[in-house]
Amino acid sequence: MTKQTSVLFENALEIAIDKTKNVGTVFGDKVVLIRDLRGRIRVVFPGRYKTLSNEQKAAVNKFSNEMAKVLGAYGFPPDRAVLYAGDLIQGDEILVSNDLRFLAEEGELKIWLLDRQIIGQDWSRAPLQRRTKNRRVTFFGIKGGVGRSTALVIWAWWLAKQGKKILVLDLDLESPGVSSTLLPQDYLSDYGIVDWFVEDGVGQADLVKNTMVSSSSLSMDLPGEIRIVPAFGRDTGDYLSKLARCYATFSGNSSIPWAERLQQMVEQMEKMEDPDLVILDSRAGLHDIAAVSVTRMDADAFLFAADSIQTWNAYAFLFRHWRNHPQVQEFRKKLQIVAGMIPETGRDEYLKRFRENSWDLFREHLYDEAGAQTTDVFSFDVDNEEAPHYPLPVYWNRALQEFDPLRNNIGIDEQIAEAAMGKFMNEAETMVFKEEEDA
């Protein structure tokens, strides 16, 4: 007897796709594979089982047995391997769910995936509807320690110098930092983002929303202004108890996904403040906050990176997932890589190596394949300075190593800021406010 090879998670989906392709359109031209929280896969066909002919029932029974056999631990017993939408409560909603992800096609047959995940679902979902019009930017790093928060503070200060009103939201809730850098204790608002989510959970966010924003002393003498919505306020109290309730998917008595609750909170702040630009400081890594703030908030996304194998491998996990995102053709235009903490020595060689690695990342996962004569495709040469893979540089500077511009009211040294971030600040501003300049 031949021993059957065990199936692992990374192989199961491809096996299910191949087996489903063999069915063709016998049961309809749209098939949904549902992958549950354990990773087990079953198939949903349209219609009802009882309406099938005897010939079709024989075919589906054969298919169910084969799926159960080839998927091993990632399959279901034959009597549960195949479901019919018409036989399920709200089964028809499965076939039109917004969370469906297109997988493959074979002739007229199209195969979709409905992936049930404990976390991370937002990395695959469509951008949220919004009612405000101001520009948004997300600062994100797949790993920490690349100078993201320092760059954010200096850029906000630089834009305020030019008369812009900047609203910064500290969404790094597990490790809040940017609000502490911009706000001395005396300037801190009464409440912060965690308070809004907790109070919204019982339907009374209005009690705190007007006491969550305060001005940074860093912009006190500037023509513009930096307004901050911190993660916590002076009256926040037990932060951990509130943080543990932040990610709930209810608002009062209504069930609302966390991403939509975040959108509501950000829009409330935008309507009150009417800023020129909102900057979202995202938590680093593959966290649900990052999933929403990078791809679902209609924001340009600055992706901070250092040239290390750990960084590129981590970004590759994310980009590989994005490759099959239904809206990837839209949000990939909003991505821009940033080379953070560029070392003092060997800069040209470092940036050349960084650029090539970044290009490999985008080319492999997000750029279109383009022939020599092909036009109107999303694809760029490695040295194209307008490409999203071409890094905006932020140079390491010893004076910024212990960056604390509010300590002793020392502020930000303009020459140091220009030396470390001049190119980044100019190009980032052009990129974000381009439509305004073109009007």
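Structure: above.
Scoring rules and cut-offs
- Residues numbered from 1 in each chain as written.
- Predicted model: local features only at pLDDT ≥ 70, side-chain atom pairs only at ≥ 80, totals over all residues.
- Heavy atoms only, no water.
- Helix = DSSP H or I, 4+ residues; strand = E, 2+ residues; numbered from the N terminus.
- Buried < 20%, exposed > 50% of the residue type's maximum accessible area, 1.4 Å probe, protein only.
- Pairing = 2+ DSSP bridges.
- Polar contact = N/O pair within 3.5 Å; in protein donor to acceptor, adjacent residues only side chain to side chain.
- Contact = heavy atoms within 4.5 Å.
- Axes fitted to C-alpha atoms, helices over the stretch in contact; angles between N-to-C directions.
- Salt bridge = Lys/Arg side-chain N within 4 Å of Asp/Glu carboxyl O.

Enquirer: Tell me about unusual backbone geometry, residues and numbers included.
Expert: Despite not being glycine, D298 has its phi angle at roughly 55°, a positive value. In the Ramachandran plot, M341 falls in the positive-phi region, its phi being about 55° despite a non-glycine side chain. Locating M341 in the fold gives a position in strand β14 (residues 335-342). Judged by relative accessible area, M341 falls into the partly exposed class, the value being 37%.

Enquirer: Could you give an account of the pairing of strand β9 (residues 225-229), with specific residues and numbers?
Expert: With respect to burial, β9 is a largely interior element, four of its five residues being buried. Sheet analysis places strand β7 (residues 165-170) next to β9, joined by five bridges and oriented parallel. Residue pairing across strands places V168 opposite I228, the latter belonging to β9. Bridge analysis of strand β8 (residues 214-215) against β9 gives two bridges, and the strand direction is antiparallel. In the sheet register, S215 faces β9, and the bridge partner there is R227.

Enquirer: Hey, could you go over the side chain of D36 for me, with residue numbers and the actual values?
Expert: Following the sequence through the fold, D36 ends up in the loop between β1 (30-35) and β2 (41-45). Looking at D36, its side chain comes within polar contact range of the main-chain nitrogen of R38, at 2.9 Å. From its side chain, D36 meets the backbone nitrogen of R40 in a polar contact 2.8 Å long. Not counting the four nearest positions on each side in its chain, D36 is found in contact with F76 and R116.

Enquirer: Can you tell me about the sheet that holds strand β6 (residues 135-141), naming the residues and giving the values?
Expert: Note on sheets: strands pair through backbone hydrogen bonds, and any given pair is parallel or antiparallel. Strands sit in the order β8-β9-β7-β12-β6-β13-β14-β15 across an open sheet of eight strands; the sheet is mixed. The open sheet has two free edges, formed respectively by β8 and β15 (392-395), since each of these has just one partner strand. Where strand β13 (residues 300-305) lies against β14, five bridges are found, and the strand directions are parallel. The partner of F302 across the bridge, within β14, is Q336.

Enquirer: An account of the sheet that holds β2 is requested, with residue identities and associated values reported.
Expert: Ordered by their spatial adjacency, five strands build an open sheet running β3-β2-β1-β5-β4, and the pairing between neighbours is mixed. Across the chains shown, the open sheet's two edge strands, defined by having one partner strand only, are β3 (82-84) and β4 (101-106). When strand polarity is set aside, the average angle formed by the axes of neighbouring strands in this sheet is 25°. Both β1 and β2 contribute to a ladder of four bridges, which runs antiparallel. When the sheet's bridge partners are listed, L33 is paired in β2 with V43. Against the sheet, helix α2 (residues 54-71) engages β2 and β3, with an angle of about 160° to β2.

Enquirer: Lay out the pattern of salt bridges in plain terms, naming residues and giving numbers.
Expert: One pass over the structure, following the stated rule, counts 28 salt bridges. In this structure, the salt-bridge partner of E273 is R227, at a minimum N-O distance of 2.8 Å. With a gap of 46 residues between them, E273 in helix α8 (residues 258-273) and R227 in strand β9 connect regions that are remote in the sequence. Both residues of the pair, E273 and R227, belong to the buried class.

Enquirer: Requested: an account of the pairing of β4, with residues and values cited.
Expert: In the sheet, β4 pairs with strand β5 (residues 109-115) via five bridges, with the strands oriented antiparallel. By the bridge assignment for β5, A104 is matched with I111. Counted along the chain from β4 to the antiparallel partner β5, the turn is two residues long, and its residue G107 has a positive phi close to 65°.

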